[in-house]
Structures are given as structure tokens and as C-alpha cells.
Amino acid sequence: MEHIDNLPAMDLMRSEKMTFVQLIIPVESAHLAISYLGELGLLQFRDLNADKSPFQRTFVNQVKRCAEMSRKLRFFKDQIIKAGLVISGRPAMQPNLELEELEIQLAEHEHELIEMNSNSEKLRQTYIELLEFKIVLQKAGGFLVAGKGSAVAEERELDENVYSNNGYDESASLLEQEMHGTPNQSRVRFISGIISKSKVLRFERMLFRATRGNMLFNQATANEHIKDPTSTEMVEKTVFVVFFSGEQARMKILKICEAFGANCYPVPEEISRQRQITREVLSQLSELEATLDAGIRHRNKALAAIGFHMTKWMNMVRREKAVYDTLNMLNFDVTKKCLVGEGWCPIFAKAQIQEALQRAKFDSNSQVGVIFHLMDSVESPPTYFRTNHFTNAFQEIVDAYGVARYQEANPAVYTVITFPFLFAVMFGDWGHGICLLLLALFLIVRESRLASQKLGSFMDMLFGGRYVVLLMSLFSIYCGLIYNEFFSVPFHIFGGSAYKCRDATCSDSRTAGLVKFRDPYPFGVDPSWRGSRSELPFLNSLKMKMSILLGIAQMNLGIILSYFNARFFGSSLDIRYQFVPQMIFLNSLFGYLSLLIIIKWCTGSQADLYHVMIYMFLSPMEDLGENQLFWGQKPFQILLLLLAVIAVPWMLFPKPFILKKLHTERFQGRTYAVLHSSEEDIDIEHGSTRQHDEEFNFSEIFVHQLIHSIEFVLGAVSNTASYLRLWALSLAHSELSTVFYEKVLLLAWGYDNLVIRLVGLAVFAFATAFILLMMETLSAFLHALRLHWVEFQNKFYHGDGCKFRPFSFAALTDEED
């Protein structure tokens, strides 16, 4: 044991040793000190103002200013995206700005942009209304001159062809005209305008009802689609002319037009007047278009200038806001000249933190340095593992179950190998493994490029686990070589088969049976098993027994890790009354089963292991007969059974009673053992004793131990059975591959038709990619995850720790804005 204790510490096995520190920072260097600590990213601050609301904190005004600047930057970002421009990915080379200067610049840019948007919107509205007026003049004029003869109609048609213009489809600004009217109230009058085509039927029906049928409604579809200023979508519109008589009808029609969102425009009856207005409208449209284009160019130029500095400004504001949020977690001392902060940091980072604080003192020209000293804390320290690109994904798999308790044994050390290996046991096919390997290599080769891009949620998860996929693919190739499966097809890679046809006349060894004539196949499953009559029974037996062996080995590893946890934390009770009986119970039953499997494989015995294990419990004294695998097996089984029975109360009873005895001895007569200087100290000691008495609840401890013991005993059976999923999924994957190969690819290849062969190849490729490489990969991944979380980690892993979350600029994301 001394040799084990003297071994160097393994990286990732235990979390980094943490220390609780206190900082006393002068006000003049506080901002710079926190900034340098954010760049370092190795100190987790504790909120000393948790009882205060965000609005009661010291630097609330600075946080509000940063939030306002973040809002302006988001506004700029939205405007740049709408304009179809690109934000520069690299921070611009610009002299360092102070926060106040940046605030002034952002306010000026926002005011300029809002003003440009407002002017552009007014011009666009005017353009839309002029465009509608032009269409109304072209269409409504035809209704007014329809009765003046064919010559007039032909002239009108010529005018429309001359003045029509289909090149304008957007606009802005306001044009309000009063309705055309005549002094003669009894004369037939008209109102012309334009309305959305989807509202025409309801509009006409409402006019008919309002005027009781005393009107004539004419309509014509506009040849151009017009952009709706509110929804910015192209809308199909219809020109209408309503003929009526009387002032009352006119008022009703105008109200209905307003309710339906129809725009009314005055159209003169004289053709010469119509021509003159049309020319004026077309002239104004061309001027407005030129003005709008110039405005868009000016706006895009301003947005491009903003976009060039956008990344740097966003990083600066994000960092400043994070600094002030952290400063709000600190307390002022009584003199109001220093800020006091507390937090956790790894022991190895103390020198780096002190160096950063010293640098902040010199850079801020402060006369007083930052005081940095260690403190004791009753809180459990946070858990921090130093990971890299390779180990980070495996650590995330473990943390998804629960963060390790401080200094607890870390399952990620073993998960690096066991997780991809158990996945490969279920997914074993070296053809499919090569496909996964190509995917993993693609992600790793393009790592630097993909890391700087924004990926979707699925691709981001896949990229983060690229090294997990790499190991999964390598182990899948290894297990596939053992199973001798390449897309379910066996190959004679490591030499010839050990089996041949039963006799010289045998023409089909797959149906007539095989006989062994040479040494076993050097590596993996003999290819002759594929397609033989005994293939399924052989592979079932092999994979089922292999699953049990792997499961018992991993569960034993979990129990052994519980021993190292207990030894590390100095808990001899857990070693004597938890580790020892658990090892005895598990290996007396299922460890013995694993031993029988190995002996049967080595000796070639025909013993029925089901019978041996069942009658070990039902009839331990019964003679084994032909199921005996070694001498002395019967008394050995009786001994193991007795040990398993003894191990259950060994787990259950001693630990709670010993804890009660230790607690009683620890606090019995404690107030008489120390000479106190005052009555106040005696009262404090009495109070602490009462507190400890209240904290120790024997019934609660006993029930917890009872639950833990029952869970382990039942779990030993259920967890062993759970590992049979390795066999089940491996068999399912192999059979699915065989079905797609034989019933799709080979069946299509049997036809002497190129089209059928191509269709069969396409179906086989689709089934392989989406069913075997996607769904089966996900299924095997989830089952391997469950085996690690439940069957392996519950033997030793508490997972109730708190993750180390240091103040770090590198951890800030766009969501922080």
C-alpha cells in the first residue's frame, strides 16, 4: 500500500486542489485587476452581495450603460444583416478606446442610422403612393373614356403604351389628395383608387350594401406587384372605379375605403389633364428612385464602416459588462477605499494570480498593492479538471450525469477507453467503422476552420465529440475484425479457414456441415461460420458470454475505485463494511460465473452453465454430474454461497452502529474536557454539541444504509443482466447488415439489368447510411452511455459536486449580450 501511495498523481484522476482566497483591492486599480483576472480565467468569485437586488449594487449604473451599448450594437447588427452586408470576423486594428468614447461613437452612429432610416421610409412611402397613382391613372382612365368612341379609346390605349412603366416596384413617402368633386350634387360622380386583390370581393359587397345597389363598380388588375411597406412583401393589387350619385353615398364610400385600407387617388376626366398628370408622376418617380438609390448607397457605406469595427466593439462591451458584473459581487470595506472579494482558485494558479494583481497595481499607478491571502472555508470546494481538446468530450459525458465531488475519483479517466470499446462491441463491423473513421478524420483535419464557424446544434455536438467518434471508429474496426464482418461479409484476412467439407462428395458445406481439419483461425471468428447451420447458436453463445465477462470486469473496476476513494478520504469504515462485502458478494456469484465461462472455453466442456448456476441456489448439495468443470467444484460453490449470504448483513448492520458509537464517544463529556475562560465559551460549546446531536439521526443513517445495501444486492443481478444489451445490439446490428446485403444488394445483383442493379445499390447505400450508420450509431451510443452512468458509476461515483466556473473572458459568448 505504501508503494501505491508513493505513486505520482494521475492527471484527471482527481480534481485540482483548490484554495479559498480573499482579495482586498484598492478602488483605483479594481477595474484593471478584475480585467487581468478575466484574461487569466482561474479565479471563481463568490457573490458577497447575494442578498441585494441588481439595482442596489454599487456599479449598477455602469452595467446599465454597458447594457444600453449592447442594445445599440444589436441594432447595428440587425441593420447590417438586413442590408445583406457581412460583419468583419477579425477585430479591426484601431487605437484602444475608452468606454466613454465608445459610448459617444455608438450614440452618434445610432442617431445617424435612425435618421437615415426615417428619411428612407418617408421617401419609400411617397414612391409607393406615386406608383399606385400612376397605375390608377392608366387603368381608371379607361373606364372614364370607354363611352367616347373607338377613336378616343385607341388614343387612350396609345397613351397608356407610351406612359406605362413596369420597372418600378418599391417606394416611400406620403401623398394625400382630396377627392375630385363638382358643384352639381345630382350629377353622377366617381371615386377611383387601388386595393389589395384579396379584399376586392368583400369590398365590392360592402359597397353594394352601403349604397343599396345605387352604384356601379368597375375593377382592373394592376400589372405590377407593389411592396407592402409594413410587411415588405410584394402584394397584388386591383384598381377600382366606383360611380355613384349624392353626397351621402360619397361619404359612405370614403369611409369604407378607409376601413378596407384602399388608397383613393383623383383622376381627371379630361384626357389632356390625365396625360399631364401622368407625365408629372413619371418624372417624380424617376427622381425618387435616384434619391432612394443614393440614400441606400450612403446607408450601406455607413453600415460597412460600423461592421468593420463591430467585432472589436462587441468584445469590448461584453468584457466591460462582465467586469462590472464581477465588481458588483465584491464588497466595499468600511473606509470605502478598497473592495473586498472572495473566491476559489486552483493551488497551482496562485502565482499567476498574484502576478496579474501586481501588474494591475503598476499599470493603474496605484500607491497600494492588492492584498491576496488564503483563508479557510467550511464550504466544499468546486471541482476543476484540466482538460484538452481530446479529453474534454469524455469529461462532458461524465459531467452530464453529475459533476464529481471535490477530489473524488473521476470516471472520465476510464471512460476514454471503456466508452468507445463498449460502443464498438455493439457496433462491431470494420466496414462501418471505416465510414465513422472517415467522418472523424474529416472533422479533425478541418478542426481549426470549423471551430471558428457557427454550426447547427447537431453539427456542434458532433464536432465537439470528434475524438470520441475517432476512438469509437477505431474500436469498431477492431471488434469488426474480431467478428470478421465487413458490411456483414466475412473475409479470409488472417489465413485460411480451420474447417472444410465433411467428405469429398460434399458440394455444399453450408448445409451438409463442417469438420475441423487444422488449427483454429488465428484472429477473430472463422469466416466459415458465416452462413452455416450453427452460425447463430455459436455467435449467440460467444457474444452473450463475452458480454457477461465485460460487465463483471467493469463492475469490479467500479468497486475497486470505491476502495481508492475511501482510502483517499481516510474512511476505513467504507473499506471494511462496504468495499469488502461488495467484492465478496459480486464475485461469489457472478465472478464465479465468469470463471466457469473461461474454464468452459479453455477445456471445451459441454457443461450447462444455466443448470450449474440455478441449482447452486436451489440444490447446493446435489451432485453436479456431467456439469462438473473442475475438482472440488461442489464444496467451492457451497463456500461461495455462504460468503454471498454473509456479505449482505455485513453491508447492512455494522456501519450504522459503528457510526453511532463513534458519534457518542466524540461528544460524550466534551464540555468537561476543556477548561474555558468564560461562560460564553461554555454556552458556545453546549450549542455546538446540541447541533451535532441534532445532525446525527441514527434512523436516517440506518435507512440510508438499508437502501444502499438492497440497491447493491438487486443491482448486482440487474446490472449483470443489463450488460447483455451488448450481445443483443451486436446481434441486431449484424443481422440488419446481413438482411440489407443479402435481400437488397445481392438480390438486385442477381438481375441482368443495369437499372435494377443501380436501384438496389442506391437502396443498400441509403439503408447503410441512414439506418446502420446513423440510427444504429445513436442507439449503440445511448446504450454505452447508460452502461457507464448506471452500471459502472453507481458503484463509486457520487456526482454531487459543484463545477468550477471561473471569471474568464474566454467563456463569454454572444448570448451574454
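In this text, all values refer to a predicted model and were calculated from it rather than measured experimentally.

Colleague: Sorry, what's going on with unusual backbone geometry here?
Modeller: Comment: phi is negative for the bulk of residues other than glycine, and the bulk of peptide bonds are trans. The backbone of R212 shows a phi angle near 55°, a positive value even though the residue is not glycine. Turning to its location among the elements, R212 is positioned in the loop between helix 6 (200-210) and strand 4 (216-221). Owing to a relative accessible area of 75%, R212 belongs among the exposed residues under this scheme. Non-glycine residue F487 carries a positive phi angle of around 55°. Here F487 is to be found in the loop between helix 15 (466-483) and strand 12 (499-501).

Colleague: Before we go on, may I ask you to explain helix 2 (residues 27-40) in this structure?
Modeller: Owing to its 3.6 residues per turn, the α-helix aligns residues three or four sequence positions apart on the same side. Look at helix 2: 20 Å from first C-alpha to last across 14 residues, which is about the 20 Å you get at 1.5 Å a residue. Looking at the buried residues of helix 2, the elements they touch are strand 1 (18-26), strand 2 (44-46), helix 8 (271-327), strand 10 (338-346) and helix 9 (350-363). Within two residues after helix 2, G41 carries a phi angle of roughly 70°, on the positive side.

Colleague: How should the sheet that holds strand 8 (residues 263-264) be read in this particular structure?
Modeller: Backbone hydrogen bonds are what pair the strands of a sheet, in a parallel or an antiparallel way. Pairing is antiparallel across the open sheet formed by four strands, whose spatial order is 4-7-3-8. Bordering the open sheet on either side are strand 4 and strand 8, each of which pairs with just one other strand. Sheet topology note: the strand 4/strand 7 (residues 237-245) ladder contains six bridges and is antiparallel. Bridge assignment links A220 to a residue of strand 7, and that residue is V239.

Colleague: Help me out: how do you make sense of a nonpolar patch on the surface in this one?
Modeller: A cluster of nonpolar residues, Y610, I614, Y615, F617 and L618, forms a patch on the protein surface that exposes about 560 Å² of accessible area. Within the fold, Y615 resides in helix 19 (residues 609-618).

Colleague: Sorry, what's going on with the packing of helix 3 (residues 60-82) against helix 8 here?
Modeller: Any two packed helices are characterised by the angle at which their axes cross and by the distance between the axes. Interaxial distance between helix 3 and helix 8 falls to 9 Å at its minimum, and their mutual angle equals 150°. As the angle between them shows, helix 3 and helix 8 are arranged roughly antiparallel. Handedness of the helix 3/helix 8 crossing: left-handed. The residues of helix 8 that touch helix 3, namely those facing Q62, V63, C66, M69, S70, L73, F76, K77, Q79 and I80, are R299, L303, I306, G307, M310, W313, M314, V317, E320, K321, Y324 and D325. Per-class residue counts for the contact of helix 3 with helix 8 are 13 nonpolar, four polar and five charged.

Colleague: Mind showing me how you'd approach the pattern of salt bridges here?
Modeller: Side-chain pairs of opposite charge can arise where the charged atoms are in close proximity. For the coordinates displayed, the defined rule picks out 21 salt bridges. Notably, a salt bridge pairs E396 with K803, separated by 3.6 Å at the nearest N-O pair. Residue E396 is located in helix 10 (residues 389-401), and its partner K803 is located in the segment after helix 25 (754-792); the two are separated by 407 residues in the primary sequence. For K803, a relative accessible area of 27% gives the class partly exposed.

Colleague: Just to check I follow, could you spell out the side chain of S528 for this structure?
Modeller: Of note, S528 is situated in the loop between strand 13 (514-516) and helix 17 (535-568). At 2.5 Å, the side chain of S528 forms a polar contact with the side chain of S497.

Colleague: I would appreciate a short explanation of the packing of aromatic side chains in the present structure.
Modeller: Each aromatic ring pair is summarised here by two numbers: the centre-to-centre distance and the angle between the ring planes. Tallying each qualifying case throughout the model produces 39 aromatic pairs. Consider the rings of F419 and F781, whose centres lie 5.1 Å apart with planes at 80°: the pair is edge-to-face. One end of the pair, F419, is in helix 11 (residues 412-427); the other, F781, is in helix 25, with 362 residues separating them in the sequence. Between Y592 and F636, the aromatic rings sit 5.9 Å apart at their centres with planes inclined by 65°, giving edge-to-face as the arrangement. Taken as a pair, Y592 in helix 18 (residues 572-603) and F636 in helix 20 (residues 633-652) lie far apart in primary sequence, 44 residues in all. According to the relative accessible area criterion, F636 is partly exposed, its value standing at 31%. A connected cluster of aromatic rings, assembled from ring pairs, spans Y401, W789, F792, F796 and Y797. Note that R466 overlies the ring of F463, its terminal NZ or CZ placed 4.2 Å from the centroid. The cationic tip of R757 hangs over the ring face of W749; the distance from NZ or CZ to the ring centre is 5.2 Å.

Colleague: Got a minute to help me understand the side chain of R14 in this structure?
Modeller: Following the sequence through the fold, R14 ends up in the loop between helix 1 (2-5) and strand 1. For the buried R14, which has no salt bridge, the nearest side chain bearing the opposite charge is E408, at an N-O separation of 7.6 Å. Only 2.9 Å separates the side chain of R14 from the backbone oxygen of Q407, close enough to count as a polar contact. Once you skip the residues sitting within four places of it in the chain, R14 turns out to touch F385, Q407, E408, A409, F564, N565 and F568.

Scoring rules and cut-offs
Residues numbered from 1 in each chain as written. Predicted model: local features only at pLDDT ≥ 70, side-chain atom pairs only at ≥ 80, totals over all residues. Heavy atoms only, no water. Helix = DSSP H or I, 4+ residues; strand = E, 2+ residues; numbered from the N terminus. Buried < 20%, exposed > 50% of the residue type's maximum accessible area, 1.4 Å probe, protein only. Expected span 1.5 Å × (residues − 1). Contact = heavy atoms within 4.5 Å. Pairing = 2+ DSSP bridges. Patch = residues over 30% accessible without salt bridge, like charges linked within 9 Å, V, L, I, M, F, W, Y side chains within 5 Å. Areas by Shrake-Rupley, 256 points an atom, 1.4 Å probe, with all protein chains shown as cover. Salt bridge = Lys/Arg side-chain N within 4 Å of Asp/Glu carboxyl O. Axes fitted to C-alpha atoms, helices over the stretch in contact; angles between N-to-C directions. Parallel < 35°, antiparallel > 145°, perpendicular 65-115°, else oblique. Left-handed = near helix turned anticlockwise from the far one by under 90°. Nonpolar A, V, L, I, M, F, W, Y, C, P; charged D, E, K, R; others polar. Polar contact = N/O pair within 3.5 Å; in protein donor to acceptor, adjacent residues only side chain to side chain. Phe/Tyr/Trp six-rings, centres within 6.5 Å; stacked < 30°, edge-to-face > 60°. Lys NZ or Arg CZ within 6 Å of the ring centre and 35° of its normal. Lys, Arg positive; Asp, Glu negative; His and termini not counted.

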